[in-house]
Amino acid sequence: MELGEAGPGVEERAAAADAVCELVDAVTPSAWSTGAVEDAADAIDMLAEALAAIDPEAARALAAVPAATAGLRRRLIPAATEDVAEVPALDPGRPRRRGLGPGWKGVRATGSSSAWKSSSM
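Procedures and definitions
- Residues numbered from 1 in each chain as written.
- Predicted model: local features only at pLDDT ≥ 70, side-chain atom pairs only at ≥ 80, totals over all residues.
- Heavy atoms only, no water.
- pLDDT = per-residue confidence, 0-100.
- Helix = DSSP H or I, 4+ residues; strand = E, 2+ residues; numbered from the N terminus.
- Contact = heavy atoms within 4.5 Å.
- Salt bridge = Lys/Arg side-chain N within 4 Å of Asp/Glu carboxyl O.
- Expected span 1.5 Å × (residues − 1).
- Buried < 20%, exposed > 50% of the residue type's maximum accessible area, 1.4 Å probe, protein only.
- Arc of directions from axis to C-beta.
- Patch = residues over 30% accessible without salt bridge, like charges linked within 9 Å, V, L, I, M, F, W, Y side chains within 5 Å.
- Areas by Shrake-Rupley, 256 points an atom, 1.4 Å probe, with all protein chains shown as cover.
- Polar contact = N/O pair within 3.5 Å; in protein donor to acceptor, adjacent residues only side chain to side chain.
- Axes fitted to C-alpha atoms, helices over the stretch in contact; angles between N-to-C directions.
- Parallel < 35°, antiparallel > 145°, perpendicular 65-115°, else oblique.
- Nonpolar A, V, L, I, M, F, W, Y, C, P; charged D, E, K, R; others polar.

(A) Just the confidence of the model for the protein, in detail. Here the protein averages 74 in pLDDT, while 64% of its residues score no lower than 70. Mean pLDDT across the secondary structure elements of the protein bottoms out at helix α6 (residues 113–120), with 52, and peaks at helix α5 (residues 65–76), with 92. Here residues 83–87 scores under 50 on pLDDT; set against residues more than four positions off or in separate chains, the count is zero contacts.

(B) A look at the pattern of salt bridges. In the structure shown here, the tally under the stated rule is two salt bridges. Close ionic contact of R73 with D42 constitutes a salt bridge, the shortest N to O distance being 2.5 Å. One end of the pair, R73, is in helix α5; the other, D42, is in helix α3 (residues 34–52), with 31 residues separating them in the sequence. Between R73 and D45 there is a salt bridge; the shortest N-O distance is 3.2 Å. Of this pair, R73 sits in helix α5 while D45 sits in helix α3, placing them 28 residues apart in sequence.

(C) Here's a closer look at α5. Relative to the 16 Å expected for 12 residues at 1.5 Å per residue, α5 spans 16 Å between its end C-alpha atoms, a close match to the ideal helical length. If you check which residues of α5 are buried, you get V65, T69 and R73. Each buried residue of α5 lies within a common arc of 75° when the element is viewed along its axis, so the set occupies one face. Opposite the buried face of α5, at more than 90 degrees from it, the exposed residues are A67 and R75.

(D) Up close: a nonpolar patch on the surface. A cluster of nonpolar side chains, contributed by L3, L51 and I54, occupies part of the molecular surface with about 290 Å² of accessible area. Its place among the elements puts L3 in the segment before α1 (10–13).

(E) View of the side chain of R73. Here R73 falls in the buried class, since its relative accessible area comes to 14%. One polar contact links R73 to D42, side chain to side chain, over a distance of 2.5 Å.

(F) Inspection of the packing of α3 against α5 at higher detail. In contact at an axis separation of 9 Å, α3 and α5 are set at 175° when each is read in the N-to-C sense. For the element pair α3 / α5, the angle class is roughly antiparallel. Facing V37, E38, A41, D42, I44, D45 and A48 of α3, the residues of α5 in contact are V65, P66, T69, L72, R73 and L76. Of the residues in the contact of α3 with α5, the class split is eight nonpolar, one polar and four charged.

Set out below in structure tokens:
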């Protein structure tokens, strides 16, 4: 796909690349905070989403970015991304099954009540 002229305000807003260059120049591995990592990972996700909207090929090229930033968050901010066990929601349209479960044949109503009395004694 060939790109054309930028839409109104796109060039100014795409100047985020300049801010990233400044960040790269200023930061050291020990200078990161939890908030800074979260902000940078969010920015990466949003930029990838914006670029993926250009065309399907761009979307395919950037498809791995969300998983990569999620892995980064798990590695660097484990307390913020602990997996919580999800409880599946009940389907409100379908009543829950109650009873004795599979294999239960039910009570047979045929025969006399005296047969039950004589067999239970």
